[in-house]
Amino acid sequence: MLSVIVITRNESAHIAKCLQSVAWADEIVVLDSGSNDDTVAICRQFTDRVYSTDWPGFGPQKQRALQKASHEWVLSLDADEQVSEALRTEIETVMRTGVCSGYQIPRLSSYCGRQIKHGGWWPDYVVRLFRSKAGRFSDDLVHERVIVNGELGRLQNPILHESYVNLEEVLAKVNSYSTLGAQKLRERGEVSCLSAAVAKAFWTFFRTYFLRLAILDGPQGFMLAVSNAEITYYKYLKLWLSGRE
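So, here is what we can say about the structure in this document. Please read all numbers here as calculations on a predicted model, not as lab measurements.

The rules behind each value
Residues numbered from 1 in each chain as written. Predicted model: local features only at pLDDT ≥ 70, side-chain atom pairs only at ≥ 80, totals over all residues. Heavy atoms only, no water. Salt bridge = Lys/Arg side-chain N within 4 Å of Asp/Glu carboxyl O. Helix = DSSP H or I, 4+ residues; strand = E, 2+ residues; numbered from the N terminus. Buried < 20%, exposed > 50% of the residue type's maximum accessible area, 1.4 Å probe, protein only. Phe/Tyr/Trp six-rings, centres within 6.5 Å; stacked < 30°, edge-to-face > 60°. Pairing = 2+ DSSP bridges. Contact = heavy atoms within 4.5 Å. Axes fitted to C-alpha atoms, helices over the stretch in contact; angles between N-to-C directions.

### Re the pattern of salt bridges
Step number 1: Enumeration according to the criterion identifies 17 salt bridges in this entry.
Step number 2: Its salt-bridge partner being aspartate 54, residue arginine 64 comes within 2.5 Å of it at the nearest N-O pair. One end of the pair, arginine 64, is in helix H3 (residues 58-68); the other, aspartate 54, is in the loop between strand E3 (50-52) and H3, with 10 residues separating them in the sequence.
Step number 3: Among the residues examined, arginine 64 registers a relative accessible area of 27% and is labelled partly exposed.
Step number 4: We note a salt bridge from arginine 107 to aspartate 78, for which the minimum N-O separation is 4.0 Å. Of this pair, arginine 107 sits in strand E7 (residues 107-111) while aspartate 78 sits in strand E4 (residues 73-78), and the two are 29 residues apart along the sequence.
Step number 5: For arginine 107, a relative accessible area of 13% puts it in the buried group.
Step number 6: Judged by relative accessible area, which is 18%, aspartate 78 ranks as buried.
Step number 7: In the salt-bridge network here, residues are joined through shared partners; they are Lys62, Asp78, Glu81, Arg107, Asp124, Arg128 and Glu144.

And the structure:
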């Protein structure tokens, strides 16, 4: 049997499509951290296992959700992700016949209306399906990962990820991810300066747009490279400024 776990905060634009895509699961667990939109009400249309909690960071929050899952298999989704019918069939097959403790699933992400096939975004394999007793989440505040004790397999059909719907969402995530990234660097004892922030941002743009071929994804590829560079720039800038306080 399958438990789907999702963490949310102000995800009313995405969450219905996410939960509808996994309405076939045996259980859906949602942990919300202070939404002030319709997220919680929408979630309760799909499951009665909706919980409200504080926000300790992505890794710890997903671990909390995992601890509330009651079935042998767990599928972890972000609120802006969806499972296609083809992926559902593949998941159901490996739960019956698979021998692995967890499975990497490719993720096909969209950026302002275009599915991105370059820039390091595809196939973007992520461990999302795993046996509950064999997996746990890392403690990372951002860019958390599932750590599986056992063999990993790979699925073929992708998770559909509406990563950035519009420019407002891009700017909001640039600010959020850079703040969390700076906090993570600070906890590791790293330091920064203005020139380092500029140099690292330039390298991020160059790597994304040219080396990882985001140039082939048209205007959205350029926008992606810029926003990646902005996240890097502000992350190291915030780290530098925090050290001057």
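### Observations concerning the packing of aromatic side chains
Step number 1: Going through the model one piece at a time under the given rule, you end up with 14 aromatic pairs.
Step number 2: A centroid spacing of 4.9 Å and a plane angle of 90° characterise the contact between tryptophan 55 and phenylalanine 58, whose relative ring orientation is edge-to-face.
Step number 3: For phenylalanine 58, a relative accessible area of 21% gives the class partly exposed.
Step number 4: With centroids separated by 5.6 Å and ring planes inclined at 85°, the aromatic side chains of tyrosine 209 and phenylalanine 222 adopt a geometry described as edge-to-face. Here phenylalanine 222 lies in helix H7 (residues 218-244) and tyrosine 209 lies in helix H6 (residues 194-211), a separation of 13 residues in the sequence.
Step number 5: With a relative accessible area of 14%, tyrosine 209 lands in the buried category.

### Some words on the sheet that holds E7
Step number 1: Overall, mixed pairing links the 4 strands, which are arranged E5-E13-E7-E8 in an open sheet. This sheet does not close on itself; its edge strands, each paired only once, are strand E5 (81-83) and strand E8 (114-115).
Step number 2: Sheet topology note: the E5/strand E13 (residues 159-164) ladder contains 3 bridges and is antiparallel. Of the residues in E13, the one forming a bridge with glutamine 82 is leucine 160.
Step number 3: Across the face of the sheet, H7 comes into contact with E7, E8 and E13 while running at roughly 95° to E7.

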